[in-house]
Amino acid sequence: MRVTLVLAVLGVVIGGASLAFAADPGASASAQPVPFSDTLTTGLTGVDVQQARAAGTEIPRVEVFYSQYQYIVGYYGVDSAVSALSREATTRQFGRPVAIYVSDYSGADPRLTDDDYLTVASDPAVGWTRASEASFVVETPARTPGGPAIVPFSDGTDAGDFAERYGGSVRDWEDLHPREDEPRSSWLRNASTDRAAWADRTVTHRRPLLDRPVAVTVGQDVPTLAGAIDAAPPNTTIRLPPGIYDGNVTVEKPITIRGAGERTRVVGDNGTVFRVTEPNVSLAGLSITGVGGANTGTPANASGTAGDWDEGVRTTYGYGDAAVVFDGANRSLLSNVAIETPASGAIVRDSDGVVVEDIAIDGTTHWQDGFMGVLAMDSRIVVQNSTFTGGRDAVYTHHADGLVVRNNRMTGMRFGVHEMYTSGTVVANNTVRDADIGVVVMTRPRSNAILDNRVSASDVGISVGGSVSLVANNTLVANRYGMDLGAQRSTVEYNVLLDNEVGLRTGTIVPTNRVTGNDVIDNDRYVDTGRGPVRVWTGNYWGPLPGRDADADGRFDRAFRPTGPVDSAVGTSEGAATLATSPAVAVLRRFQAAVPGLRSANVIDDEPRIEPINPDKIAAARNGSAANEGVLP
C-alpha cells in the first residue's frame, strides 16, 4: 500500500515537472539584465569589492539566469562565471543557464591604471551585452583586487583596439576556459604551512630578547620600576626580583623587563599597566593586576553605518585599557606573564612581528563585563601556548592579516578566536570550551585556514564567513551547532562533527563550497540549511547507512540526503532505513536528479563513505570525556 502511494505521487510529480521543464527554454526571451545589486553575488570577497569601489576601479561582471533557480546569480569577474558554468555541480544545483549577460565596455573608454587595475573614463556607466554576442579580451595585464581580469565588449573592433593597446587576444564566449588556479585545499594548505613557518621564524627571532645582559636590578640599583626604565641603557634587561611593584609605566626604549614569574607582581592604579611605544621590547616572568578605567564598560555599537561601526570598534576596543599595550612596538615579546583584568589583557596596535606566548589571562566571569584577552589591530602577530579564562573574546583581530593563533586553551567567554576584516590567517590546534562560538571569522575575509581545533560545549563550534578559506581536521563535539558555514568557494574537509544538536548548518544562498571527507555522526540532526538550491557534497561519512558498495570503492552506490525526509531519519528509525532503499524511492530520486527543479533546498552527498574517515579522532572524542570533562584530545 505504501509503495503504491509513493508511485502514485511520483506519477503526479513527473507530469507536473515535465510541463515546467518544457517551458524553460522560453525564459531567455524575457530575461533582461537587472541592477547588479539585485542579484545574488559571488566570485570575489566583499573586501575585494570594497577595495575596487574605494579606488574607483572596475570589476567586470556577469549575470546568469538559471532555469531551475528563482534568483539571478551575479558573478564578480568573468572568470568566476566561466569556472562556475563549467562545473557539472552548477547545473545540478541551479539548472541550465537560459540567459547570460556580461559587462559591456564598448564606448566606456576602458583603460588601465599605473598598477594595471581596470578603470573607465566615460559617463554613463558600463552597460550590458549578451555573452554569446560579446568579444572578450584575455591575457592582458588588466587586473582587479581578486586577480587577472577578462574584459568584455559588445563591439569586436573595440575589443581589438583594447588588445592592441595593452596586449592579449580576443576570444568568443565559447572559447573562454576556466582558470585552473582557483584556491582550494592544496593551495590553502601550502599557504598555511608557509604562514606557520613564518610564525616559527618570528618566535625564534624574538627569543634573544630574553638573553639581554642585566643592567639594572630594582630594589638594588634603583627603588622603582619607573626609575629602572629611565636608568636602563637600550638593549639591556631590567631584573625584577619577587615582590610588588607599581605599574602604569611607559617603555620608550628597546629593553627587557624580566621578573621571577608569579612572585613578581606589577600592580596598576587602574588604566593601562604597561604602555610600550618602541620596537624590540620584551616583558617576561610577570604577574599583572590593577587594570581598568577608561573604555572598559561599553562595547562598540554595531548598529550604525559600516564606517561608524569600524571606528567604534577601534576606539572602544583598540584604544581601551589593557594590562599591556603595544603601540608601534614592532618585533616585541610578551612571554610567561599572568594577567588578571576586567579590561583587555594585551592590545597589539600597529605592531608587526609581536609574539605573545605562554601567558595566562583571567578575565571577567560574565563576558558582557569584560574585554579581549589579546587584541591585534593592524598587526601581524603570533599568539601561542597560552590560556584564556573568561572575558569577552580570548583573541580578537581587526585588520590583522596574516597572524597565527595556535596551541591555546580558551574557556568561558563569548568567542574563542574572533576575526574581523582579517585575511590570510592560521588558527590551529586551539581548544575552546563553553563559549558562544569557538572560532568565528566575519566581515567577508579571504584565504583563512582553520585547522585542527577542538571545540566543545559551546553554542557554535566554528562559524566561518568570507571566501576561499580552508576549514579542516577540526573536532567539534557536544555543541548546539558543530559548524556554521557561511563562506563561499571554501573547502571543508576531514572534520569530525560528533554529538552536536546539529552537525553542520549552511545558509549561503549561492552554494559554492566543497564539503568532503568529514565525519558527521551521532548528531541530533545531520545538517540544517537555509534558502537556496541543493548543495552537492561528496565523500562524507554519515554513520551506518542502508545500501551497498558493488564496486568495493569504500562508498555507497546510492546518494545520501541528510536533509531529506527519509534519509534524515535513517539514524533513528528502522522504517526510514527500509524505505530509503525501496524501489519507489530509487525511481523518484533518479527522476529528481534529472530535473533539478524538483529538489528542495537541501544537501545531497553523491558518494557517502561506508567507513569513517577519522576513526582515531572519533574514538578519542568519545573516550576522552570531551563533553563531560572539557578535555579534548
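Residues numbered from 1 in each chain as written. Predicted model: local features only at pLDDT ≥ 70, side-chain atom pairs only at ≥ 80, totals over all residues. Heavy atoms only, no water.

**Things to note about the overall build of the protein chain**
Consideration 1: The helix and strand tally for the protein chain stands at 13 helices and 49 strands.
Consideration 2: Per-residue burial over the protein chain gives 56% buried out of 633 residues.
Consideration 3: In the protein chain, once contacts between residues fewer than 6 apart in sequence are set aside, the share between residues at least 24 apart is 53%.
Consideration 4: Entry remark: accessible area of the protein chain is about 25400 Å², with carbon and sulfur atoms responsible for 48%. (Helix = DSSP H or I, 4+ residues; strand = E, 2+ residues; numbered from the N terminus. Buried < 20%, exposed > 50% of the residue type's maximum accessible area, 1.4 Å probe, protein only. Contact = heavy atoms within 4.5 Å. Areas by Shrake-Rupley, 256 points an atom, 1.4 Å probe, with all protein chains shown as cover.)

**Some words on the packing of aromatic side chains**
Consideration 1: Scanning the entire structure with this criterion turns up 14 aromatic pairs.
Consideration 2: For Arg349, the ring lying beneath its charged end belongs to Tyr319, and the centroid distance is 3.9 Å.
Consideration 3: The positively charged end of Arg505 is found above the aromatic ring belonging to Tyr481, 3.7 Å away from the centroid. (Phe/Tyr/Trp six-rings, centres within 6.5 Å; stacked < 30°, edge-to-face > 60°. Lys NZ or Arg CZ within 6 Å of the ring centre and 35° of its normal.)

**What to know about unusual backbone geometry**
Consideration 1: Phi at Asp109 is positive, roughly 55°, even though this residue is not glycine.
Consideration 2: With respect to the helices, strands and loops of the structure, Asp109 is situated in the loop between strand 4 (97-104) and strand 5 (110-112).
Consideration 3: Although it is not a glycine, Tyr421 adopts a positive phi angle of roughly 50°.
Consideration 4: Exposure remark for Tyr421: the relative accessible area of 15% places this residue in the buried category.

**Looking at the sheet that holds strand 12 (residues 169-171)**
Note: strands within a sheet are paired through backbone hydrogen bonds, in either parallel or antiparallel orientation.
Consideration 1: In space, the three strands of this open sheet follow the order 11-8-12, with antiparallel pairing throughout. Each end of this open sheet is capped by a strand with a single partner; those strands are strand 11 (151-153) and strand 12. Sheet twist, expressed as the average angle between the axes of neighbouring strands with direction ignored, equals 30°.
Consideration 2: Sheet topology places strand 8 (residues 135-138) next to strand 12; three bridges connect them, and they run antiparallel. Looking across to strand 12, one finds that Phe136 is bridged to Arg171.
Consideration 3: Against the sheet, helix 6 (residues 156-166) touches strand 8, strand 11 and strand 12, its axis set at about 10° to strand 8. (Pairing = 2+ DSSP bridges. Axes fitted to C-alpha atoms, helices over the stretch in contact; angles between N-to-C directions.)

**What about the pattern of salt bridges?**
Pairs can form between side chains of opposite charge whenever their charged atoms are close.
Consideration 1: Within the structure shown, the criterion is met by 15 salt bridges.
Consideration 2: With its nearest N and O atoms 2.8 Å apart, the salt bridge here joins Arg414 to Asp393. Separated by 21 residues along the polypeptide, Arg414 in the loop between strand 31 (409-411) and strand 32 (415-420) and Asp393 in strand 29 (residues 393-398) bring together distant segments of the chain. With respect to class, Arg414 is no different from Asp393; both count as buried.
Consideration 3: Between Glu607 and Arg555 there is a salt bridge; the shortest N-O distance is 3.3 Å. You can see Glu607 sitting in the loop between strand 49 (603-605) and helix 12 (615-623) and its partner Arg555 sitting in the loop between strand 48 (535-537) and helix 10 (574-580), a full 52 residues away along the chain. (Salt bridge = Lys/Arg side-chain N within 4 Å of Asp/Glu carboxyl O.)

**Some thoughts on the nonpolar core**
Consideration 1: Within the largest apolar cluster, 77 residues are counted, with the highest numbers of intra-cluster contacts made by Ile257, Phe274 and Ile288.
Consideration 2: Beyond its immediate chain neighbours, meaning those up to four positions away, Ile288 contacts Val266, Val273, Phe274, Ala323, Val324, Val337, Ala338, Ile339 and Glu340.
Consideration 3: With 22 residues, the next largest nonpolar core counts Tyr66, Tyr69, Ile100 and Val510 among its residues. (Core = buried A, V, L, I, M, F, W, Y, C linked by side-chain atoms within 4.5 Å.)

**Notes on the environment of Gly465**
Consideration 1: When you line up the elements, Gly465 lands in the loop between strand 38 (460-464) and strand 39 (470-472).
Consideration 2: If sequence neighbours within four positions are ignored, Gly465 has contacts with Val441, Pro445, Gly486 and Ala487.

**Some thoughts on the sheet that holds strand 2 (residues 61-66)**
Consideration 1: If you trace the five strands from one edge of the open sheet to the other, you get 1-3-2-4-7, paired in mixed fashion. Each edge of the sheet is formed by a strand with only one pairing partner; in this case those strands are strand 1 (40-42) and strand 7 (127-130). The average angle at which neighbouring strand axes cross in this sheet is 30°, direction not considered.
Consideration 2: Alignment of strand 4 against strand 7, held across four bridges, turns out to be antiparallel. If you follow Val102 over to strand 7, its bridge partner there is Thr129.

**Section: the environment of Ala55**
Consideration 1: Tracing the sequence through the fold places Ala55 in helix 3 (residues 46-55).
Consideration 2: Residues Ala55 and Tyr117 lie 62 residues apart in sequence; the distance between their C-alpha atoms is 9.4 Å.

**Observations concerning the confidence of the model for the protein chain**
The predicted structure's coordinates, where accompanied by low pLDDT, should not be read in detail.
Consideration 1: Across the protein chain, the average pLDDT comes to 85, with 83% of residues at or above 70.
Consideration 2: Overall, residues 1-27 carries pLDDT values under 50, and its contacts beyond four positions in sequence, including any with other chains, amount to 18 contacts.
Consideration 3: Below a pLDDT of 50 lies the segment residues 294-306, which in the model reaches 24 contacts outside its immediate sequence neighbourhood of four places, other chains included. (pLDDT = per-residue confidence, 0-100.)

**Remarks on the pairing of strand 35 (residues 437-442)**
Consideration 1: Along strand 35, five of the six residues are buried, which leaves the element largely enclosed by surrounding structure.
Consideration 2: Pairing of strand 35 with strand 38, which is carried by four bridges, proceeds in the parallel orientation. Each bridged residue has a counterpart across the sheet, and for Val441 the counterpart in strand 38 is Val464.

**Thoughts on the pairing of strand 44 (residues 502-506)**
Consideration 1: Counting buried positions along strand 44 yields four of five residues, so the element is predominantly enclosed.
Consideration 2: Here strand 41 (residues 481-485) runs beside strand 44; their pairing, made up of four bridges, is parallel. Bridge pairing in strand 44 places Asp484 opposite Arg505.

**Here's the deal with the side chain of Ser379**
Consideration 1: Looking at the element boundaries, Ser379 is found in the loop between strand 26 (372-377) and strand 27 (382-384).
Consideration 2: At 3.0 Å, the side chain of Ser379 and the backbone nitrogen of Asp350 are in polar contact.
Consideration 3: Within the local environment of Ser379, its side chain forms a polar contact with the backbone oxygen of Met377, the two atoms lying 2.9 Å apart.
Consideration 4: Those residues within four positions of Ser379 in sequence are excluded, and the remaining contacts are Val348, Arg349, Asp350, Ser351, Asp352, His399 and Ala400. (Polar contact = N/O pair within 3.5 Å; in protein donor to acceptor, adjacent residues only side chain to side chain.)

**Some remarks on the environment of Thr224**
Consideration 1: As for its placement among the helices and strands, Thr224 is situated in the loop between strand 13 (214-217) and helix 8 (225-231).
Consideration 2: A residue is classified by how much of its surface remains accessible, and Thr224, at 40% relative accessible area, is partly exposed.
Consideration 3: In this structure the C-alpha to C-alpha distance between Thr224 and Gly247, which are 23 residues apart in sequence, comes to 9.5 Å.
Consideration 4: A distance of 2.9 Å separates a polar side-chain atom of Thr224 from the backbone nitrogen of Gly227.

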